[in-house]
Amino acid sequence: MGMFAPVLIIPSTSCAQSSKSHEMKITVQSSKSIKPDYGGHRPVAPPFTANAVPLSVFDKANLDTHVSVVYAFHPPAPPNDVLEAGLARALVEYREFAGRLARDADGSRSAILLNDAGARFVEATAGVSLGSVMPLQPTPAVLSLHPSGGDELMLVQATRFACGSLVVGITVHHKVTDGRGFCNFILAWGQATRGAAVDPVPVHDRPACFLPRSPPMIEHEHRGVEFKPHDARKDHDAGGGCDGYGEVVVVERVHFSAERIAELKAQASAGARYSTVQCVLAHLWPCVTRARGLGGRDATALLIGVDGRRRMSPPVPDWYAGNVVLWARPTATAGELVDMPLRRTAELIGRAVARVDDAYFRSFIDFACSGAVEAERLVPMADAADMVLSPNVEVNSWVRLPHYDLDLGGGRPFLFMPSYVPVEGVVFLVPSFVGGGSVDAYVSLFRHDRDAFRNCCTSGLSKL
């Protein structure tokens, strides 16, 4: 077992507890709908001449739910009317975010209505200084810093703290965009708010980017990977940070310093080089598995979102506005995984990610367009009703996305984080607010597994 620099576990709290000396009471002052500001001109370029944009096969395969993130800015911060005006100008280039989703007769999502119904903008205040509640913990208190989902596809909340600091919480529907597309939008909002033109302009032509081949070549199995039978869909609901069965889900924030990441990379290297994300996951996946106490023969999969923009040939433009994500699924038995050297775990992850290449993306498009999904009544594996993912782990990596480049006119954020997500087995990886190439992992797990998880993370579970 190797010697490691310590991994910092930042304690989280359960639904009924608070680790703060000051209560973060948020008061909503106003809520309004922001529509695109055309300045007297209507857009003329396709696809905005149409009344709706059909969802692509990647949009349809993604989660039918909203995703929320939070940014924190030091003062001085631009006034709300400036933020609103910039949002209205950015929505001219990103009309999808001001639209609404349309449903087919079977209840499935089919298109984005370009009706300019608007994005929600909420003004709120907090009666405490932001410093008194920093660092923000991944607890239910974070939910008060962003709007909850509704019919709107984009919702923004600007919360002013007593010290003059600004927290911007943003909620977007996952059928509309993925992490890269969302990041493109928030950078465009920053440009528009500062009075600059949106550059580069987004690419919107969803169906035309992903046409099936003729004849189709379905070279990979997509049942049980991106799609599952309709009767396998779960209907249970959860609330209050519980999984629907009375189990409380907490979120642990694990800090990986640049030094720690370098040691993980050195441990993983055996003639091969693995990314920061792959090395961090090679440590976290066995930790979560051991903390769960799974049986040695239980299979566990690590679901890693893979952006296809640069993997497909020809590549999809970085500024494409919709979803282009599929999932790598390295799999092992729990017994094998917890005894596996980190270099072998990194190799297992690296091979699985490499397999999600252009051929795989094309095979997925051909299958999704073949009629088999409709004929067999298949539904996406990405299911918002799944509140417990054990024995699997789902990873959303935003490490390479430039969230810290958002500038609304008062400088870049000093903190970016996902919202509190009480779904057991979900992991978010983000650039740490500490900087210097460090990474924060937000790991959702049952409260009764928390101590075992912490012990694994800090003891250097993975062996040489």
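Residues numbered from 1 in each chain as written. Predicted model: local features only at pLDDT ≥ 70, side-chain atom pairs only at ≥ 80, totals over all residues. Heavy atoms only, no water.

1. Some words on the sheet that holds strand 3 (residues 52-54)
Keep this limit in mind: A pair of strands is considered paired only if DSSP assigns at least 2 bridges between the two. What counts as a helix is a DSSP run of H or I of at least four residues, what counts as a strand is a run of E of at least two, and both are numbered from the N terminus. In this analysis, axes come from line fits to C-alpha atoms, helices being fitted only over the stretch in contact, and the angle between any two N-to-C directions falls in the range 0 to 180 degrees.
As summarised here, the arrangement of the 3 strands in space is 3-6-5, forming an open sheet in which the pairing is antiparallel. Sheet topology places strand 3 and strand 5 (100-103) at the edges, where each strand pairs with a single neighbour. Between one strand axis and the next, the sheet turns through 35° on average, direction left out of account. Inspection of the sheet shows strand 5 paired to strand 6 (residues 109-113) by 4 bridges, in the antiparallel sense. Across the sheet, the residue bridging to Arg-103 is Arg-109, located in strand 6.

2. Focus: the sheet that holds strand 7 (residues 119-126)
Strand pairing in a sheet relies on backbone hydrogen bonds. The paired strands run either parallel or antiparallel. Stated precisely, the cut-off is as follows: Two residues qualify as a contact provided that any one of their heavy atoms is within 4.5 Å of a heavy atom in the partner residue.
Reading across from one edge, 2-7-8-9-4-17 is the order of the 6 strands in this open sheet, with mixed pairing throughout. Two strands close off the open sheet at either side, each with one partner strand: strand 2 (26-34) and strand 17 (415-418). Here the average twist between neighbouring strands, direction ignored, is 15°. In this structure, strand 8 (residues 154-160) lies alongside strand 9 (residues 166-173), joined through 7 bridges in antiparallel fashion. Along strand 9, the bridge assignment pairs Val-156 with Ile-170. Packed on one face of the sheet, helix 2 (residues 80-93) meets strand 2, strand 7, strand 8 and strand 9 and runs near 160° to strand 7.

3. Let's talk about the nonpolar core
Heads up, the condition is: Residues belong to a common nonpolar core when they are buried Ala, Val, Leu, Ile, Met, Phe, Trp, Tyr or Cys residues joined through side-chain atoms within 4.5 Å. Relative accessibility decides the category of a residue: with a 1.4 Å probe and only protein chains considered, values under 20% of the type maximum give buried, values over 50% give exposed, and everything between is partly exposed.
By size, the foremost hydrophobic cluster in this structure holds 67 residues, and its most contacted members are Tyr-71, Met-154, Phe-161, Ile-170, Phe-185, Ile-186 and Trp-189. Take this core: its biggest share by element is 8 residues, from helix 3 (residues 179-193). In terms of nonpolar packing, the next biggest core, distinct from the first, is built from 65 residues, Leu-63, Ile-261, Ala-282 and Ala-332 among them.

4. Structural notes on unusual backbone geometry
At the junction of Pro-75 and Pro-76, the peptide bond is cis and its omega measures out at 0° in the coordinates. Locating Pro-76 in the fold gives a position in the loop between strand 4 (66-73) and helix 2. Geometrically, the link from Ser-313 to Pro-314 is a cis peptide bond, its omega value of 0° lying close to zero. Examined against the element boundaries, Pro-314 turns out to sit in the loop between strand 12 (299-307) and strand 13 (325-328). Non-glycine residue Asp-116 carries a positive phi angle of around 55°. In this fold, Asp-116 is placed in the loop between strand 6 and strand 7. The phi dihedral of Arg-377 falls on the positive side, at around 55°, and the residue is not glycine. Take Arg-377: it is sitting in the loop between helix 10 (372-375) and strand 15 (378-380).

5. Things to note about the side chain of Ser-432
What counts is decided by this rule: In protein, a polar contact means a hydrogen-donor-capable atom and an acceptor-capable atom, both N or O and within 3.5 Å, with residues adjacent in sequence counting only if both atoms are side-chain atoms; elsewhere, any N or O pair within 3.5 Å suffices.
With respect to the secondary-structure elements, Ser-432 resides in the loop between strand 18 (426-431) and strand 19 (439-446). Ser-432 sits in the buried class, given a relative accessible area of 5%. Separated by 3.3 Å, the side chains of Ser-432 and His-255 make a polar contact. Leave out the neighbours within four places in its chain, and Ser-432 touches His-255, Tyr-404, Ser-438, Val-439 and Asp-440.

6. Side note on the environment of Pro-135
In this fold, Pro-135 is placed in the loop between strand 7 and strand 8. Relative accessible area serves as the criterion here: at 28%, Pro-135 is assigned to the partly exposed category. In sequence terms Pro-135 and Leu-415 are 280 residues apart; their C-alpha atoms lie 8.7 Å from each other.

7. Some words on the packing of helix 2 against helix 3
A pair of packed helices is captured by two measures, namely the crossing angle of their axes and the spacing between those axes. For clarity, the cut-off: Comment on the angle field: the value is read as roughly parallel under 35 degrees, roughly antiparallel over 145, roughly perpendicular from 65 to 115, and oblique elsewhere. Put simply, a crossing is left-handed when the front helix is turned counterclockwise from the back one by less than a right angle, and right-handed when it is turned clockwise. We call Asp, Glu, Lys and Arg charged. Ala, Val, Leu, Ile, Met, Phe, Trp, Tyr, Cys and Pro are nonpolar, and the rest, Gly among them, are polar.
Between helix 2 and helix 3, the shortest axis-to-axis distance is 8 Å and the interhelical angle comes to 120°. By the angle between their directions, the pair helix 2 and helix 3 is classed as oblique. Handedness of the crossing formed by helix 2 with helix 3: right-handed. Of helix 3, the residues touching helix 2 (which contributes Val-82, Leu-83, Gly-86, Leu-87, Arg-89, Ala-90 and Leu-91) are Phe-185, Ala-188, Trp-189, Ala-192 and Thr-193. Taken together, the residues of the contact of helix 2 with helix 3 sort by class into 9 nonpolar, 2 polar and 1 charged.

8. Focus: the environment of Val-338
Relative to the helices and strands, Val-338 resides in helix 7 (residues 334-339). The spatial distance from the C-alpha of Val-338 to the C-alpha of Gly-296 is 9.0 Å, given a sequence separation of 42 residues.

9. Re the confidence of the model for the protein chain
So the rule is basically this: Known as pLDDT, the predictor's confidence for each residue is given on a scale from 0 to 100.
Chain-level pLDDT for the protein chain is 89 on average; 88% of the residues reach the 70-or-more range. Contacts from residues 1-7, a stretch scored under 50 in pLDDT, to residues over four places away or in other chains number 21 contacts.

10. So, the pairing of strand 19
Across the 8 residues that make up strand 19, a large majority, 8, are buried. Of the strand pairs in this sheet, strand 18 and strand 19 are connected by 5 bridges, and their pairing is antiparallel. Paired with Val-427 across the bridge in strand 19 is Val-443.

11. With respect to helix 9 (residues 358-368)
Of all 11 residues in helix 9, 9 are buried; the element is thus mostly enclosed. Those residues of helix 9 not exposed but buried are Tyr-360, Phe-361, Arg-362, Ser-363, Phe-364, Ile-365, Asp-366, Phe-367 and Ala-368.

12. Comments concerning the pattern of salt bridges
We apply this condition: Any carboxyl oxygen of Asp or Glu that lies within 4 Å of a side-chain nitrogen of Lys or Arg is treated as forming a salt bridge with it.
One pass over the structure, following the stated rule, counts 21 salt bridges. Between Arg-213 and Glu-219 there is a salt bridge; the shortest N-O distance is 3.9 Å. Exposure remark for Arg-213: the relative accessible area of 23% places this residue in the partly exposed category. Given a relative accessible area of 48%, Glu-219 falls into the partly exposed group. A salt bridge links Arg-292 to Glu-424; its shortest N-O distance comes to 2.8 Å. One end of the pair, Arg-292, is in helix 6 (residues 276-292); the other, Glu-424, is in the loop between strand 17 and strand 18, and 132 residues separate them in sequence. Judged by relative accessible area, Arg-292 falls into the buried class, the value being 13%. Overlapping salt bridges bring together Lys-32, Glu-84 and Glu-123 as one network.

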